[in-house]
Amino acid sequence: VGVDKETMTGTLYGLGVGPGDPELLTLKAHRILTASPVVAYPAPDTGESFARAIVAGFLRDSQIEVPIVVPMRTERFPASTVYDEAAKTIAGHLDAGRDVAVLCEGDPFFYGSFMYVFERLGRDYPCEIVPGVSSIMASAAALRRPLAARNDVLTVIPGPLPDDEMEARIASADAVAIMKVGRHFGRIRALLERFGLANQAGYCERVSLGEERILPLSAVTSDTVPYFSMILIYKGAEGWIRSLPAGRPTDAA
Ligand SMILES: C[S@@+](CC[C@H](N)C(=O)[O-])C[C@H]1O[C@@H](n2cnc3c(N)ncnc32)[C@H](O)[C@@H]1O
């Protein structure tokens, strides 16, 4: 009897799990997560996986977990041998007919780690991507300031970009999101001060989590900040600058 390969093969899911608050998981991601026999996620070599922690309350003991352990000290990303190995493990489950849900913090295709799995397996197996609430959207909501409107140009800048390139990109934008600020924070703050933009910049840390901190950029005095933080700047025509949070006394930097 002929066997339909489609029905034998598991489906690879790239699941966006949102910025941190489990309530920001979509219904679709929740359904697929709870129905998948195998759940894979990136994990640091020390400490717990952020993506897994977001959905921990929905996991069952019977699910097979595949941590993709990525050394966090290295500047080189993705760690390609780690993803090669993970792809082999995931392919084994798919070949055996088991669906695999690969968790990705925020949205899977917006600077998401899922794409390293996708580029290895996405064409050879049935694959579905479930978009997630991105940290940019969650940060604008937490800052209580719209991101962009009308013909505003929104520019997304990775923090490691060199100063000259960052300056050129900011100069031509109306709204800016600077991600992955982490240890680049002091340099970026100095650059924004030179530009006269520090008062229009909001600092958003661990958004949607219990430890969330939302502050005017100028209120953050340290030179390094956690990896899960970003800076939002608005320099367009709208009057939103007035709605930047004043910073609470308890939010000492
Ligand atoms: C590799 S990118 C992943 C982006 C993710 N796929 C998304 O859609 O949000 C990691 C960066 O996202 C931002 N980020 C992710 N979660 C965040 C959170 N809860 N609060 C603030 N920034 C966050 C930070 O700038 C961090 O350095």
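What you are looking at is a predicted structure, and each value in this text was computed from that prediction instead of being measured.

1. What to know about the overall build of the chain
Summing up its helical and strand segments, the chain has eight helices and 10 strands in all. Summarising the internal contacts of the chain: among those between residues at least 6 apart in sequence, 73% fall at separations of at least 24. Only carbon and sulfur atoms are counted for the fraction: they give 53% of the accessible area of the chain, which is about 12,500 Å².

2. Regarding the site of the ligand
With respect to spatial proximity, 18 residues lie near the ligand, and among them Glu105, Phe110, Ser135, Tyr227 and Ser229 are the closest. Here a nitrogen atom of the ligand sits 2.9 Å away from a polar atom, N or O, in the main chain of Pro19. Phe110 has a polar backbone atom sitting 2.8 Å from a nitrogen atom of the ligand. Expressed as a share of its isolated accessible area of 570 Å², the protein-covered part of the ligand is 96%. Partitioning the shell around the ligand into residue classes produces nine nonpolar, five polar and four charged.

3. Structural notes on the confidence of the model for the chain
Keep in mind that low pLDDT regions are not for reading the predicted coordinates in detail. Averaged over every residue, the pLDDT of the chain is 91; residues scoring 70 or more account for 90%. Below a pLDDT of 50 lies the segment residues 248-253, which in the model reaches eight contacts outside its immediate sequence neighbourhood of four places, other chains included.

4. Here we look at the pattern of salt bridges
For the structure shown, the criterion picks out 12 salt bridges. The shortest N-O distance in the salt bridge between Glu85 and Lys88 comes to 3.2 Å. Linking Glu85 with Lys88, this pair stays in helix α4 (residues 80-95), spanning three residues, or about one helical turn. Judged by its relative accessible area of 56%, Lys88 falls in the exposed class. With a shortest N-O distance of 3.2 Å, Glu205 and Arg213 are connected by a salt bridge. An identical accessibility class is assigned to Glu205 and Arg213; each is buried.

5. What to know about the sheet that holds strand β10 (residues 229-234)
Here five strands make up an open sheet; going across it, the order is β6-β7-β10-β8-β9 and the pairing mixed. On the outer flanks of this sheet lie β6 (154-158) and β9 (213-216), each paired with one strand and no other. Across the sheet, the axes of successive neighbouring strands diverge by a mean angle of 20°, strand direction being ignored. Pairing between β6 and strand β7 (residues 175-179): five bridges, direction parallel. If you follow Ile157 over to β7, its bridge partner there is Ile178. Across the sheet, helix α7 (residues 163-171) touches β6 and β7, and the angle it forms with β6 is around 165°.

6. Some details on unusual backbone geometry
We note that Arg144 has phi near 55°; this positive angle belongs to a residue other than glycine. With respect to the helices and strands, the residue Arg144 is situated in the loop between α6 (135-143) and β6. The backbone of Arg150 sits at a positive phi, close to 45°, despite the residue not being glycine. Looking at the secondary structure, you find Arg150 in the loop between α6 and β6. We classify Arg150 as exposed; its relative accessible area is 74%.

7. Focus on the sheet that holds strand β1 (residues 12-16)
As summarised here, the arrangement of the five strands in space is β3-β2-β4-β1-β5, forming an open sheet in which the pairing is parallel. Strand pairing shows two members of the sheet lacking a second neighbour, β3 (64-70) and β5 (127-130), which therefore form its edges. Going from strand to strand, the sheet's axes swing by 20° on average, the running direction of each strand aside. Across five bridges, the pairing between β1 and strand β4 (residues 100-104) is parallel. Bridging from a neighbouring strand, Gly16 pairs with Cys104 of β4.

Calculation rules
Residues numbered from 1 in each chain as written. Predicted model: local features only at pLDDT ≥ 70, side-chain atom pairs only at ≥ 80, totals over all residues. Heavy atoms only, no water. Helix = DSSP H or I, 4+ residues; strand = E, 2+ residues; numbered from the N terminus. Contact = heavy atoms within 4.5 Å. Areas by Shrake-Rupley, 256 points an atom, 1.4 Å probe, with all protein chains shown as cover. Near = heavy atom within 4 Å. Polar contact = N/O pair within 3.5 Å; in protein donor to acceptor, adjacent residues only side chain to side chain. Nonpolar A, V, L, I, M, F, W, Y, C, P; charged D, E, K, R; others polar. pLDDT = per-residue confidence, 0-100. Salt bridge = Lys/Arg side-chain N within 4 Å of Asp/Glu carboxyl O. Buried < 20%, exposed > 50% of the residue type's maximum accessible area, 1.4 Å probe, protein only. Pairing = 2+ DSSP bridges. Axes fitted to C-alpha atoms, helices over the stretch in contact; angles between N-to-C directions.

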